[in-house]
Structure formats: C-alpha cells, structure tokens
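Summary of the model geometry
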Amino acid sequence: MPVEVKIETHATALAHDLGDVTGKQFPFGAALALARIAAVGRRAVKSEMARLFTLRNKFSATSVQVNRAEKGDWPDVKAEIGIEQRRSYLLDHITGATRKPQNPRALAIPLLDRLRGPSVRVLKTQRPQALLANGAYRIEGRNGPLLTQKRNGTAVPVYAFERSAKIKAVLPFEEIVSRAAWTAYSRELRKAFEQAIQPPK
C-alpha cells in the first residue's frame, strides 16, 4: 500500500534556465531529495507504530518500505512509502477492518502470550484442537464461549470465540507521512540541490 505525497516545485523550469551543465544535475538532486524525504516519513511511521503497538518480531517492525526515487524518471520523479505486501495484516490497523473466520464456526482469539512461540505464531500444541485433546474444555462466558484449561486447580480461559473481530483504524499512515514530508521537504530539497550542483573535486 504505497502512500503518495505530492510536492510541487519549479525545478524543471529552473533546470532549463540554468543551462546544460548545472541543469543536468537537477534530476539527481530531485531524486536525492525525495529519497531523503521518504526516509524521514518512514522513520516517523515506525516511531508511531512503536508507540501504538507491541511489535513482537522484526518482521512486523520492518514492515514500512520505501521505493526510492530514480533520476531517470525526471521530471516525474517520485518516491513511495508503504506497507510491504507480506505484512499486509498491518493494513487493518490503518484502514480498519472486520475479520471473519474462514470456516462457519468462529474466530479463536488467544488470551495468553504463552500460547505463542518465538515467531509470535500460536504453537501447534497450543491451538484449540490440541488443547481440547489434552483436557481443555469449553464453557459459556459472560461475553461468549471460552476455551478453558485447569492450571494448579484453577480454571484459566485461554481462548475466546467470536463470530467476527473488529480492528480499529489507529495508525493514520498518510497523515504521518504527509506531516513529516512537509516538515522536511524544504530542508532536504535545498541540501540535495546544493550537493547536486557542486562542481566535482
């Protein structure tokens, strides 16, 4: 899911006015500036994700990716920031979603972190069917059915069953990127173009 933030400049006209030598460096300067601006946006999103979520693994923490700007695309140079496709489950927290079970029963919602392995996936031995085969049992809770285990003589709910699960939109991705980009663009644009038109040493 790429996010596009448009920044209008007079770089094309300015490159033409400066002539062959200096003007030819503008495609490089534009691509460099957009790459740096995109990096600022990426850091801002990652910072907000760390504040909002418990990111249990590196796979989720590195979900925000950047498609770099290329000088060969001049004058339509652009950079994209988005959620990498394999981490698309994070899009639910940007757009909001309702998750429904793939079978006609219900979603099993884990209630305890100990059910998960190092990869954060629920261990096969801790899935509902495996637990049922090892003495767990269903009860009707106040808000719906629960899967319960006995631990030290106490009944402990380990799964709740829901017909659907609503996921709130809590990460304003486009707003974060846009705000970061507009804060950084004039600074990064100036620095990049100054670097681009410097004579070779």
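Residues numbered from 1 in each chain as written. Predicted model: local features only at pLDDT ≥ 70, side-chain atom pairs only at ≥ 80, totals over all residues. Heavy atoms only, no water.

Turning to the overall build of the protein, a few remarks are in order. When its secondary structure is counted, the protein shows six helices and nine strands. In the protein, 65% of the contacts between residues at least 6 apart in sequence involve partners at least 24 apart. Just so you have it, the protein exposes about 13400 Å², and 50% of that area is on carbon and sulfur atoms. (Helix = DSSP H or I, 4+ residues; strand = E, 2+ residues; numbered from the N terminus. Contact = heavy atoms within 4.5 Å. Areas by Shrake-Rupley, 256 points an atom, 1.4 Å probe, with all protein chains shown as cover.)

A few words on the layout of surface pockets. When its volume is computed, the largest pocket comes out at roughly 1800 Å³. As for the largest pocket, its lining consists of 42 residues, and the residues nearest its centre are Arg-99, Ala-108, Pro-110, Arg-116 and Val-122. Listed by contribution, the elements that provide at least two residues to the lining of the largest pocket are α3 (58-61), α4 (92-95), β5 (107-110), α5 (128-132), β8 (154-162) and β9 (165-167). By residue number, the principal contributor to the lining of the largest pocket is β5, which donates four residues. (1 Å grid on protein atoms, 1.4 Å probe; cavity = no way out; pocket = protein on both sides within 12 Å on 5 of 7 lines; lining within 4 Å. Points joined across faces, edges and corners; volume = space filled by probe spheres on them.)

Here the focus is the side chain of Gln-149. Looking at where Gln-149 falls in the secondary structure, it is placed in strand β7 (residues 144-151). Accessibility expressed as a relative area gives 15% for Gln-149, which makes it buried. Apart from residues lying up to four places away in sequence, Gln-149 is in contact with Arg-114, Leu-131, Ala-136, Thr-154, Ala-155, Val-156 and Val-158. (Buried < 20%, exposed > 50% of the residue type's maximum accessible area, 1.4 Å probe, protein only.)

Across the sheet, which stays open at both edges, the four strands sit in the order β5-β8-β7-β6 with antiparallel pairing between neighbours. Two strands bound the open sheet, and with one partner strand each, they are β5 and β6 (137-141). Taking each pair of neighbouring strands and ignoring which way they run, the sheet shows an average axis angle of 40 degrees. Where β5 meets β8, four bridges bridge the pair, whose relative direction is antiparallel. By the bridge assignment, Leu-107 is partnered in β8 with Glu-162. (Pairing = 2+ DSSP bridges. Axes fitted to C-alpha atoms, helices over the stretch in contact; angles between N-to-C directions.)

The biggest cluster of nonpolar side chains holds 25 residues, and the ones touching the most others in it are Val-45, Met-49, Val-64, Leu-171 and Phe-173. Within the residue set of this core, elements represented by two or more residues are α2 (26-52), β3 (80-83) and α6 (173-196). Ranked by the residues each element gives to this core, the list is headed by α2, at nine residues. Excluding residues that lie within four positions of it along the chain, Val-45 makes contacts with Val-64, Phe-173, Ile-176 and Val-177. One finds Leu-131, Ala-136, Tyr-159 and Phe-161 within the second-largest nonpolar core, a separate group that totals eight residues. (Core = buried A, V, L, I, M, F, W, Y, C linked by side-chain atoms within 4.5 Å.)

We now examine the confidence of the model for the protein. For the protein, per-residue confidence averages 82 on the pLDDT scale, and residues scoring 70 or more make up 85% of the total. The least confident element of the protein, judged by mean pLDDT, is strand β1 (residues 2-3) at 52; the most confident is α5 at 91. (pLDDT = per-residue confidence, 0-100.)

Right, let's talk about the pairing of β8 for a bit. As judged from the six bridges shared by β7 and β8, these two strands associate in the antiparallel manner. Across the sheet, Leu-147 pairs through a bridge with Tyr-159, a residue of β8. With antiparallel pairing between neighbouring strands as the criterion, β7 and β8 make up a hairpin whose turn holds two residues, including Asn-152 at a positive phi of roughly 55 degrees.

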